[in-house]
Amino acid sequence: MLTPPEEDTMDPSRIAARLLAALLALFAALTVQIPSSAVAASPFPKAAGPRQGPLFEVTLELADRSRISALAGFDVTRIKGETVLVSATKAEVAALRRAGFAIREVRAKEERRRGKASGRPGWSWDQFHDHAQVTTFIQDLAARFPQLVRVESMGRSVEGRELWAVKITDNPDQQEVEPEVRFAANIHGDEVVGVEMILRFMDQLTRYYGRSRRVTALVDSTELWFVPMWNPDGNDAGSRYNANGYDLNRVFPDEADSVPSNLLLGPPRDLSALDAEAPEISAFMRFSERHRFVLGLSFHGGAVVTVYPWSTSPDGYSVYTPTPDDGLFIALSKTYASRHLPMRESSEFPGGFYNSANWYTVNACSQDWAYKVTGMFDLDIELSEQKWPSASSLRGHWAHNQAAMLALAEASRWGIHGVVTDSVTGRPVSASVKVEGYDHLTFTDPDLGDYHRPLQPGTYTLLVSAPGYATREVANVAVFGAAPTRLDVTLEPVSARPAYKIDFRPADGVVLEGFEVDNGRVFGPRGNGLSYGWDAAPCLDSRRHLFSQDASFDAFADMQGCAGRVWELAVPNGSYRVRLVAGDAAEESSSAVRISVEDGLFAAGTTAASRWAEGSVLVTVADGRLTLRNAPRATRNALCAVEVIREDARSGAGRAARPLSLPSRRSVGGLPGPSLPAMR
Ligand SMILES: [Zn+2]
């Protein structure tokens with residue numbers, strides 16, 4: 001488990017050994033004969049498919065709940081009590097039988113039939129629309145409302161259909177400091193009610209803009225994006241899957257993807273497998289990464305419930321798995337479900353909402369990816385028991401959903417909003433914003449530097465950081481009700497405010513952007529202009545936590561485990577703010593973190609639900625060295641990262657702890673914020 005630090009990675013004998021190992025591996029690879037007819041293995045999790053040929057809907061009874069995890073590789077589409085629905089090929093039906101499941105029914109999947117248009121000429125809301133009709137509708141909308149509507153294509157489906165994305169906002173050609181909300185439907189091609197709900201919602205927004213105060217306020221203050229038909233080939237075929245047979249909601253990159261896996265710090269990811277097999281998803285990922293969506297509504301069918309992440313779980317197949325934002329996700333889910341009559345009155349899901357992983361495990365799905373990688377808050381909204389119901393039910397569905405859609409879009413104004421700029425140049429900064437106590441990052445939009453962090457009412461401390469800048473803490477930021485709090489932040493570049501970020505990890509070659517690395521060497525010059533290190537070799541370890549967004553949190557020096565117990569950094573004498581992150585991603589039990597920083601103390605607790613302690617200590621250095629050591633009564637000092645920020649440097653006088661007075665805009669930092677249009 002614990003590995004001692006590697007003393008010298010440039011040792012010639014080690015290099016020779018590695019070269020030899022690499023050559024042997026290459027030789028082995030070349031001598032394995034690969035038959036030319038071999039079918040390439042799917043690059044995605046087993047549940048994703050591909051599934052070709054006749055498909056069946058299997059209904060099985062789960063007599064023994066403990067057997068539920070045996071369903072992990074299958075495409076489960078519904079669990080209701082003990083009854084499970086699985087979408088399966090012939091071979092998978094046989095595999096389910098072999099696994100001993102009590103199969104009640106195996107039904108060939110029927111061709112879905114599009115509802116006939118009513119006799120009236122022109123557009124009808126009493127039918128399901130196909131891709132060509134959706135295309136006509138949105139092009140017509142853009143032509144009729146050029147002051148509000150823009151249409152773009154995210155890319156093309158396997159069969160070459162355009163993947164439309166529609167933008168509705170005031171000043172649609174202008175970047176504004178506004179939250180972005182994304183609606184999407186039909187990732188499962190046979191779940192079609194959401195397509196019609198999105199078309200009707202877009203119709204209402206444009207029709208009532210300037211006439212309804214509420215619609216006008218939403219369109220003026222929000223950038224609304226719509227992906228009405230995410231899987232047009234599946235829609236055309238009446239199939240859950242895309243034209244290559246993949247379940248598109250099981251192919252998103254998961255934790256094995258890359259280190260670190262977030263937009264701000266992540267290296268460019270290899271999307272070639274997705275481009276080849278599921279271009280609907282790689283196009284959507286690139287589209288999502290061009291934006292900074294705050295909220296997402298992803299429409300499905302086959303049940304009536306709003307589900308929130310996590311969808312996957314490290315703890316088992318059907319286990320409640322909360323995100324750090326569990327309370328917020330529940331509040332957002334309630335915002336939808338409480339306005340949707342059948343959802344609210346559900347006997348299956350109390351209140352009409354449910355934790356996704358608690359229902360059943362879905363790996364590699366869009367909502368986990370959205371929360372973890374893009375930072376947004378995405379809900380899966382199941383709109384109808386029947387995936388493709390009778391078209392005559394559409395008016396009823398619209399009556400149930402329209403107020404809920406409007407209210408959830410408005411929830412993008414909850415919480416704290418502002419812009420992050422460079423204190424010297426005034427330019428927007430690509431930064432991450434974190435709320436202390438919530439292990440979750442929100443990212444600024446690099447074009448304007450704006451961020452939008454939904455929060456429930458309360459008082460929060462914000463941590464704003466970016467490579468090359470001193471992290472800024474802003475305490476006592478109040479959120480009142482559903483009204484937005486504006487907080488602009490300037491960050492000081494390390495040229496103006498000396499700050500050193502050190503990341504502790506085994507010698508694995510990883511150097512995170514903006515960090516210096518400590519691989520456990522004894523104190524000395526590190527060749528990067530800094531001198532730091534340990535009294536003796538410490539234990540170092542690295543985890544890959546399923547849900548961590550921040551790679552500096554995934555590795556640590558265990559200050560109590562081995563010989564190394566004291567860490568020092570040479571700094572000019574003066575006063576410093578020292579930020580510490582401590583915790584072990586894999587630690588299931590509670591622990592007490594207690595680290596002395598000079599004559600100050602960093603003391604905090606970690607729990608299984610909140611595995612890292614984070615905070616800062618103000619200290620004065622008088623002997624040329626900042627010193628960290630174990631304090632009495634510490635149970636686990638797993639030191640992940642340290643940031644040392646000079647406090648008595650020349651610029652940046654305004655440390656922010658002033659009480660917030662609304663509604664005036666608040667800026668923190670050395671310079672006032674740039675003049676940008678205020679959020680309305
Ligand atoms: Zn679905």
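The structure this text deals with has already been given above.
Everything quoted here is computed from the prediction, not taken from an experiment.

Student: Can you walk me through the overall build of the chain in this structure?
Tutor: Along its length, the chain carries 13 helices and 33 strands. Residues counted as buried form 56% of the 680 residues belonging to the chain. Carbon and sulfur atoms make up 54% of the accessible area of the chain, which amounts to about 27,100 Å² in all.

Student: Teacher, can you tell me more about the state of the cysteines here?
Tutor: Put plainly, two cysteines are in a disulfide when a covalent bond ties their sulfur atoms together. Inspection of the entire model under this criterion finds one disulfide. The disulfide partner of C539 is C562, and the gap between their sulfur atoms is 1.7 Å. On the sign convention where negative means left-handed, the S-S torsion of about 80° between C539 and C562 marks this disulfide as right-handed. Remark: C562 occurs in the loop between β25 (555–558) and β26 (566–570) and C539 occurs in strand β24 (residues 539–542); sequence separation between them is 23 residues. A relative accessible area of 1% means that C539 is categorised as buried. In this structure C562 comes out as partly exposed when scored by relative accessible area, which is 30%.

Student: Explain the packing of helix α4 (residues 193–208) against helix α13 (residues 394–410) here, please?
Tutor: Packing of α4 against α13 brings their axes to within 10 Å, and their N-to-C directions diverge by 60°. Taken as axis vectors, α4 and α13 run oblique relative to one another. Between α4 and α13 the crossing geometry is right-handed. On the side of α4, the interface is formed by V193, E196, M197, I198, R200, F201 and Q204, while α13 contributes L394, R395, H397, W398, N401, Q402, M405 and L406. Considered class by class, the residues forming the contact of α4 with α13 number eight nonpolar, four polar and three charged.

Student: Sorry, what's going on with the nonpolar core here?
Tutor: If you look at soluble globular proteins, the nonpolar side chains tend to sit buried side by side. Grouped together as the largest cluster of nonpolar side chains are 62 residues, with contacts concentrated most on F183, M202, F226, F299 and Y336. Per element, the largest residue contribution to this core is eight residues, and it comes from α4. Setting aside its immediate chain neighbours within four residues, F299 contacts F183, A184, A185, N186, G194, I198, Y336, I381, L383 and M405. Core analysis: the next-biggest nonpolar cluster, separate from the first, contains 28 residues, M559, L580, A582 and V644 among them.

Student: Can you walk me through the pattern of salt bridges in this structure?
Tutor: Pairing between side chains of opposite charge can happen when the charged atoms of each approach one another. One pass over the structure, following the stated rule, counts 45 salt bridges. Here E492 makes a salt bridge to R497, at a shortest N to O gap of 3.0 Å. Here the two residues E492 and R497 agree in accessibility, since each one is buried. Between R579 and E614 there is a salt bridge, and its shortest N-O distance comes to 3.0 Å. A residue pair is termed long-range when its members are at least 10 positions apart, and R579 in strand β27 (residues 574–582) and E614 in strand β30 (residues 613–621) qualify at 35 residues. Across the pair, E614 and R579 agree in class, each one buried. Where salt bridges share partners, they join R51, D75, E92, E191, R240, D247, R250 and K387 into one cluster.

Student: I would appreciate a short explanation of the packing of aromatic side chains in the present structure.
Tutor: Overall, the coordinates contain 28 aromatic pairs when judged by the stated rule. Measuring from ring centre to ring centre gives 5.5 Å for W123 and W125, while their planes differ by 75°; the resulting arrangement is edge-to-face. For the pair F329 and F377, a centre-to-centre distance of 5.3 Å together with 50° between the ring planes defines the contact as tilted. Residue F329 is found in helix α9 (residues 326–337), and its partner F377 is found in strand β12 (residues 377–384); the two are separated by 48 residues along the sequence. Residue class for F329 comes out buried when judged on its relative accessible area of 0%. Owing to a relative accessible area of 2%, F377 belongs among the buried residues under this scheme. In this structure an aromatic cluster arises from ring pairing among W225, W230, F252, F284, F287, F293 and W369. The side chain of R67 reaches across the aromatic face of F101, ending 4.6 Å from its centre. Positioned above the aromatic ring of Y532, the side-chain terminus of R526 is 5.9 Å from the ring centre.

Student: In this structure, what is going on with the sheet that holds strand β18 (residues 472–479)? I would like to understand it.
Tutor: Through backbone hydrogen bonds, the strands of a sheet pair up, either in parallel or in antiparallel fashion. Across the sheet, which stays open at both edges, the four strands sit in the order β15-β14-β17-β18 with antiparallel pairing between neighbours. The strands lining the two open edges of the sheet, one partner per strand, are β15 (441–443) and β18. Taken over all neighbouring pairs, the strand axes of this sheet differ in orientation by 30° on average, direction set aside. When strand β14 (residues 432–435) meets β15, the two strands line up antiparallel, connected through three bridges. When the bridges of β15 are listed, K434 appears paired with L441.

Student: Which parts of the structure should I look at to understand empty space enclosed by the protein?
Tutor: The gaps of empty space that remain are located by a probe, the size of a water molecule, rolled over the atoms. Scanning all chains against the criterion turns up five cavities of 30 Å³ or more. Elements that contribute at least two residues to the lining of the largest cavity include exactly β14, β17 (458–465), β27 and β32 (638–646). In terms of residue class, the lining of the largest cavity is made up of 12 nonpolar, four polar and seven charged. Both of domain 3 (416–494 + 652–668) and domain 4 (499–646) provide at least three residues apiece to the lining of the largest cavity. When its volume is computed, the second largest cavity comes out at roughly 160 Å³. In this structure, the second largest cavity is lined by 16 residues; those nearest its centre are N249, Y360, V362, D380 and E382. Contributing elements (two or more residues each) for the lining of the second largest cavity: α11 (356–359) and β12. Here the residues of the lining of the second largest cavity are counted per class, giving four nonpolar, seven polar and five charged.

Student: Honestly, α9 in this entry has me stumped. Any pointers?
Tutor: In an α-helix, one turn spans 3.6 residues, which is why side chains three or four residues apart end up on the same side. Helix length check: α9, at 12 residues, gives a terminal C-alpha distance of 16 Å against a target of 16 Å (1.5 Å per residue), a fit within 8%. In terms of residue burial, α9 counts as a mostly covered element, since nine of its 12 residues are buried. Listed as buried for α9 are D326, L328, F329, A331, L332, S333, T335, Y336 and A337.

Student: So what exactly am I meant to see when it comes to helix α5 (residues 213–221) here?
Tutor: Every buried residue belonging to α5 is among V215, T216, L218, V219, D220 and S221, and all of these are buried. Taken together, the buried residues of α5 touch β6 (162–168), α4, β8 (223–227) and α13. Sitting at the head of α5, S212 places a side-chain oxygen 3.3 Å from the backbone nitrogen of R214.

About the cut-offs
Residues numbered from 1 in each chain as written. Predicted model: local features only at pLDDT ≥ 70, side-chain atom pairs only at ≥ 80, totals over all residues. Heavy atoms only, no water. Helix = DSSP H or I, 4+ residues; strand = E, 2+ residues; numbered from the N terminus. Buried < 20%, exposed > 50% of the residue type's maximum accessible area, 1.4 Å probe, protein only. Areas by Shrake-Rupley, 256 points an atom, 1.4 Å probe, with all protein chains shown as cover. Disulfide = S-S within 2.5 Å. Axes fitted to C-alpha atoms, helices over the stretch in contact; angles between N-to-C directions. Parallel < 35°, antiparallel > 145°, perpendicular 65-115°, else oblique. Left-handed = near helix turned anticlockwise from the far one by under 90°. Contact = heavy atoms within 4.5 Å. Nonpolar A, V, L, I, M, F, W, Y, C, P; charged D, E, K, R; others polar. Core = buried A, V, L, I, M, F, W, Y, C linked by side-chain atoms within 4.5 Å. Salt bridge = Lys/Arg side-chain N within 4 Å of Asp/Glu carboxyl O. Phe/Tyr/Trp six-rings, centres within 6.5 Å; stacked < 30°, edge-to-face > 60°. Lys NZ or Arg CZ within 6 Å of the ring centre and 35° of its normal. Pairing = 2+ DSSP bridges. 1 Å grid on protein atoms, 1.4 Å probe; cavity = no way out; pocket = protein on both sides within 12 Å on 5 of 7 lines; lining within 4 Å. Points joined across faces, edges and corners; volume = space filled by probe spheres on them. Domains from an automatic or database assignment. Expected span 1.5 Å × (residues − 1). Polar contact = N/O pair within 3.5 Å; in protein donor to acceptor, adjacent residues only side chain to side chain.

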